[in-house]
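Listed below, chain by chain, are the residues.
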Amino acid sequence: MTEIRDQLRALSFLNGITDTSIHQLSRLVTPVDYACDALLFAEGDERRLMALVVTGAVAIEKGRATRPVRLATLGAGEAVGEGLLLDDSTHGTTARAIVNTRALVLSRDQIELMIKDAPSLYATLVGRAARAIKHRLSAVDATLVGRGRSLGFGGTRTRLEHDLLGEREVPDDAMYGVQTLRAMENFPITGVPLREFPALIEALAAVKEAAALANAELGLLPQAVCDVVTRAAQEIRAGRHHEHFLVDMIQGGAGTSTNMNANEVIANRALELSGHTRGEYQYVHPNNHVNLSQSTNDVYPTAVKLALHTVIEGLRHAMKDLAAAFLMKGDEFSPFIKMGRTQLQDAVPMTLGQEFTAFGHTILEDVERLGEAQALIREMNMGATAIGTGINAPRGYADAVRTHLSRITALPLITAPDLVEATADTGSFVQLSGVLKRCAVKLSKICNDLRLLSSGPRAGFGEINLPAMQPGSSIMPGKVNPVIPEVVNQVCFDVIGGDITVTMAAEAGQLQLNVFEPVIAYRLLGGISALTNACTVLRERCIVGITANPDRMRQFVEQSIGIVTALVPVLGYETSTEIARDALASGRGVYELVMERGLLTRAELDRALNPEAMTGPPTSPASPTLPPLPVAESPLVSKK
């Protein structure tokens, strides 16, 4: 009981509450441990609990689909599900632990007991819940930038900050500072803020954490400052405070605004953790401490590469799952004979299973190509600082920061052997973009084939049926369109166009720095995210529900001239040619002519066209394993 009372006193949600109230509350709450990804409650569920977070972090998400929108992330000291104190409506959001989390939980029954036995405690908690919800809505407004909400944080309270250009008032609710504020004003370009790319935010935090540890190790950063900076960075890596990353993804300055957004958020959170208020930069400074021994020119590309590594892994797994769905359909459809086509003309018989198996294998090829691109982007230029000379970074810093960053990310990172070259070069981004274009081209081609094979259904090929997802026309009753392959086609077009953007941005780099990396990051991260979603949607809402029309396929085979090729081993080339010529001239079927002339019985024809007779050499393995990461030891280590 004493331990619970001590935990309650440490919660910011309960700051200032009386000892009597703490004692009353300690007799009501129940400690609960939630594993990572465990749900506290789901959107639409009846309200049954309120949780006070002791350790860990909980994401508040909207949407029950596989890709929910994260509205906020709550950490130690905050309340989750406090709406239970106010009404009995269903949950409007989902709460999910994003790391292992311990909470002190109040059930509906316990709250009813509180109302009866400790009404003053209940009234106190209601007031705090109302304030917490108001504050959270402010953060949600900032989170939903690009979804119809206004930019930034509101409220009338401000703090005064200054930079090179003078003083500005910054909203007191904001963890960002004056330089982020200026960037938000200067770059209202896409309406897509940095917080839309959590992998990039978490990568920035990982870089800042590694830099702080390296600087402390080398005696440049006081240990107390290092401790609060790393704690702040770890919170961001756990998904917290992302609503404060609001600079537009496309910006001038080679990513400086993004770097400063991270520096300011980490500095202000570190100030809070050390008992100071936001903006008291004499204790923890965005540049002097958080950005120590760094430049945007090594931080930004390193963070972008780490983020890309993360999202590529997600794309690879989505593609493997999609390929597995095609291979399963390949097995299901293996008995069904059909006509293969070249140049949109009848070619030779094959099976529908062979066609779908080929779709799966061509996707798996690109899973491996993406793995090769991942290996290239594990080379970084941390320690290069401004142009690669390492100015303002101490001897040993590049090795130290690489060691810490490799441990934090669990990746075998290497330092480029020539940091000047690495700072100016964007070749790995161009390589990755080319691989993404290859993935998009092949996936779009598959979608084209699916639309052709399902066309009609009565006046087209009609060999397969795609799942009907929605009515297809506002004027034509009964029409159903192949909307899932169509949307995937469009994602692929966008990725293919993005490759041109990346190519032009990489080519336009000048001298010791490429200032256009923000648009490279925007196109690559956005393209990978869209392609990952497209693969998932195609698998879930199309491929798994495809059915075959074997009778129609068989009819096409029997009417086609192309089947004579399959009869050459039985009838010989000359006889098969004569049959083909007569079929073309008369319009009659090959089956009919062969049986009429007594060359083969129907049973013999069926055996000649049996799917097993058309099975070619063994295909490649159904599911190659993801290539292992190379070992961390590498000769490519900076000698700086």
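Values in this document were obtained by computation on a predicted structure and should not be read as measured data.

**Student:** What is the right way to read the overall build of the protein chain from this model?
**Tutor:** When its secondary structure is counted, the protein chain shows 21 helices and 16 strands. Within the span of the protein chain, comprising 640 residues, buried residues form 51% of the whole. Sequence separation of at least 24 residues holds for 74% of the intrachain contacts in the protein chain that already meet a minimum separation of 6. If you average the places of the 60 positive and of the 70 negative side-chain charges in the protein chain, the two averages end up 3 Å apart.

**Student:** Honestly, the packing of helix 10 (residues 296-332) against helix 11 (residues 352-376) in this entry has me stumped. Any pointers?
**Tutor:** A packed helix pair is summarised by two numbers, namely the angle formed by the two axes and the spacing between the axes. Closest axis-to-axis distance for the helix 10/helix 11 pair is 8 Å, and the angle between their directions is 165°. Put simply, helix 10 runs roughly antiparallel to helix 11. With respect to the hand of their crossing, helix 10 and helix 11 are arranged in left-handed fashion. The residue makeup of the contact of helix 10 with helix 11, split by class, is 13 nonpolar, eight polar and five charged.

**Student:** Help me understand the side chain of His309, please; the structure alone is not making it clear to me.
**Tutor:** Looking at where His309 falls in the secondary structure, it is placed in helix 10. By relative accessible area, which is 6% here, His309 ends up buried. Here Arg378 takes part through its side chain, which lies 2.8 Å from a polar atom of the side chain of His309.

**Student:** Would you mind going over the sheet that holds strand 8 (residues 101-107) with me for this structure?
**Tutor:** On the basis of which strands lie adjacent, the open sheet formed by four strands has the order 1-8-3-6 and antiparallel pairing. Each having just a single partner strand, strand 1 (30-34) and strand 6 (79-80) make up the two edges of the open sheet. With two bridges joining them, strand 3 (residues 49-55) and strand 6 adopt antiparallel strand pairing. Among the inter-strand pairings, Leu52 is bridged to a residue of strand 6, identified as Ala79. Against the sheet, helix 1 (residues 2-9) engages strand 1, strand 3 and strand 8, with an angle of about 100° to strand 8. In this fold helix 3 (residues 108-117) packs onto strand 1 and strand 8, with an angle of close to 55° to the strand it touches most, strand 8.

**Student:** Looking at this structure, how should I read the packing of helix 6 (residues 198-217) against helix 7 (residues 223-237)?
**Tutor:** Packing of helix 6 against helix 7 brings their axes to within 8 Å, and their N-to-C directions diverge by 165°. Comparing their axes, helix 7 and helix 6 come out roughly antiparallel. Pair helix 6 / helix 7 crosses with left-handed handedness. Note on element contacts: helix 7 touches helix 6 through Gln223, Cys226, Val229, Thr230, Ala233, Gln234, Ile236 and Arg237, opposite Ile201, Glu202, Ala205, Ala206, Glu209, Ala212, Leu213 and Ala216.

**Student:** What should I look at first to understand empty space enclosed by the protein in this one?
**Tutor:** In this approach, a probe sized like a water molecule rolls over the atoms, and the result shows the empty space that is left. On inspection of all chains with the given rule, the structure shows four cavities of 30 Å³ or more. Looking at the largest cavity, its volume works out to about 70 Å³. If you trace the largest cavity, you find it lined by Met319, Leu322, Thr362, Ile363, Asp366, Cys439, Lys442, Leu443, Leu531 and Cys535.

**Student:** Just to check I follow, could you spell out the environment of Ile391 for this structure?
**Tutor:** On the secondary structure map, Ile391 appears in the loop between strand 13 (379-380) and helix 12 (397-409). Between the C-alpha atom of Ile391 and that of Ser293, which follows or precedes it by 98 residues, the distance is 8.3 Å. Among all residues touching Ile391, those that are not within four sequence positions of it are Thr385 and Ala386.

**Student:** Any chance you could explain the environment of Tyr281 here in plain terms?
**Tutor:** Among the secondary structure elements, Tyr281 is positioned in the loop between helix 8 (256-273) and helix 9 (286-290). For Tyr281 and Val430, which are 149 residues apart along the polypeptide, the C-alpha to C-alpha distance reads 39 Å. Those residues in contact with Tyr281 that sit more than four places away from it in its chain are Arg159, Glu161, Gly177, Ala267, Asn268, Leu271 and Pro286. Here Asn268 takes part through its side chain, which lies 3.0 Å from a polar atom of the side chain of Tyr281.

**Student:** Help me out: how do you make sense of the pattern of salt bridges in this one?
**Tutor:** Pairing between side chains of opposite charge can happen when their charged atoms approach one another. Applying the stated criterion across every chain, the model contains 40 salt bridges. Note that Arg9 and Asp19 form a salt bridge whose closest N and O atoms lie 3.7 Å from each other. Within this pair, whereas Arg9 is found in helix 1, its partner Asp19 is found in helix 2 (residues 19-26), the two being separated by ten residues in sequence. With relative accessibility at 40%, the residue Arg9 sits in the partly exposed group. Taking the relative accessible area as the measure of exposure, Asp19 reaches 54% and is therefore exposed. The salt bridge involving Asp172 is made with Arg157; its shortest N-O contact spans 3.4 Å. One end of the pair, Asp172, is in the loop between strand 10 (166-171) and helix 5 (178-186); the other, Arg157, is in the loop between helix 4 (119-143) and strand 9 (158-163), with 15 residues separating them in the sequence. Among the charged side chains, a network of salt bridges with common partners joins Glu78, Glu235, Arg240, Arg269, Glu272 and Arg278.

**Student:** Can you help me understand the environment of Glu264 in this one?
**Tutor:** For Glu264, the location among the structural elements is in helix 8. Classification of Glu264 by relative accessible area gives buried; the value is 2%. Taking the C-alpha atoms as reference points, Glu264 and Thr403, 139 residues apart in sequence, are found 25 Å from one another. Residue contacts for Glu264: discarding those within four places in its chain leaves Met175, Tyr176, Gly177, Val178, Gln179, Thr180 and Pro286. Polar side-chain contacts of Glu264 include one of 2.6 Å to the side chain of Thr180.

**Student:** Got a minute to help me understand the pairing of strand 5 (residues 69-75) in this structure?
**Tutor:** On a regular strand, each side chain points to the face opposite its neighbour's, so the side chains alternate between the two faces of the sheet. Counted residue by residue, strand 5 has five buried out of seven residues, so it is predominantly covered. In terms of strand pairing, strand 4 (residues 57-62) meets strand 5 through six bridges, oriented antiparallel. Paired with Ile60 across the two strands is Ala72, which belongs to strand 5.

Procedures and definitions
Residues numbered from 1 in each chain as written. Predicted model: local features only at pLDDT ≥ 70, side-chain atom pairs only at ≥ 80, totals over all residues. Heavy atoms only, no water. Helix = DSSP H or I, 4+ residues; strand = E, 2+ residues; numbered from the N terminus. Buried < 20%, exposed > 50% of the residue type's maximum accessible area, 1.4 Å probe, protein only. Contact = heavy atoms within 4.5 Å. Lys, Arg positive; Asp, Glu negative; His and termini not counted. Charge placed at Lys NZ, Arg CZ, Asp CG, Glu CD. Axes fitted to C-alpha atoms, helices over the stretch in contact; angles between N-to-C directions. Parallel < 35°, antiparallel > 145°, perpendicular 65-115°, else oblique. Left-handed = near helix turned anticlockwise from the far one by under 90°. Nonpolar A, V, L, I, M, F, W, Y, C, P; charged D, E, K, R; others polar. Polar contact = N/O pair within 3.5 Å; in protein donor to acceptor, adjacent residues only side chain to side chain. Pairing = 2+ DSSP bridges. 1 Å grid on protein atoms, 1.4 Å probe; cavity = no way out; pocket = protein on both sides within 12 Å on 5 of 7 lines; lining within 4 Å. Points joined across faces, edges and corners; volume = space filled by probe spheres on them. Salt bridge = Lys/Arg side-chain N within 4 Å of Asp/Glu carboxyl O.

Any link to function would need more than the numbers given here.
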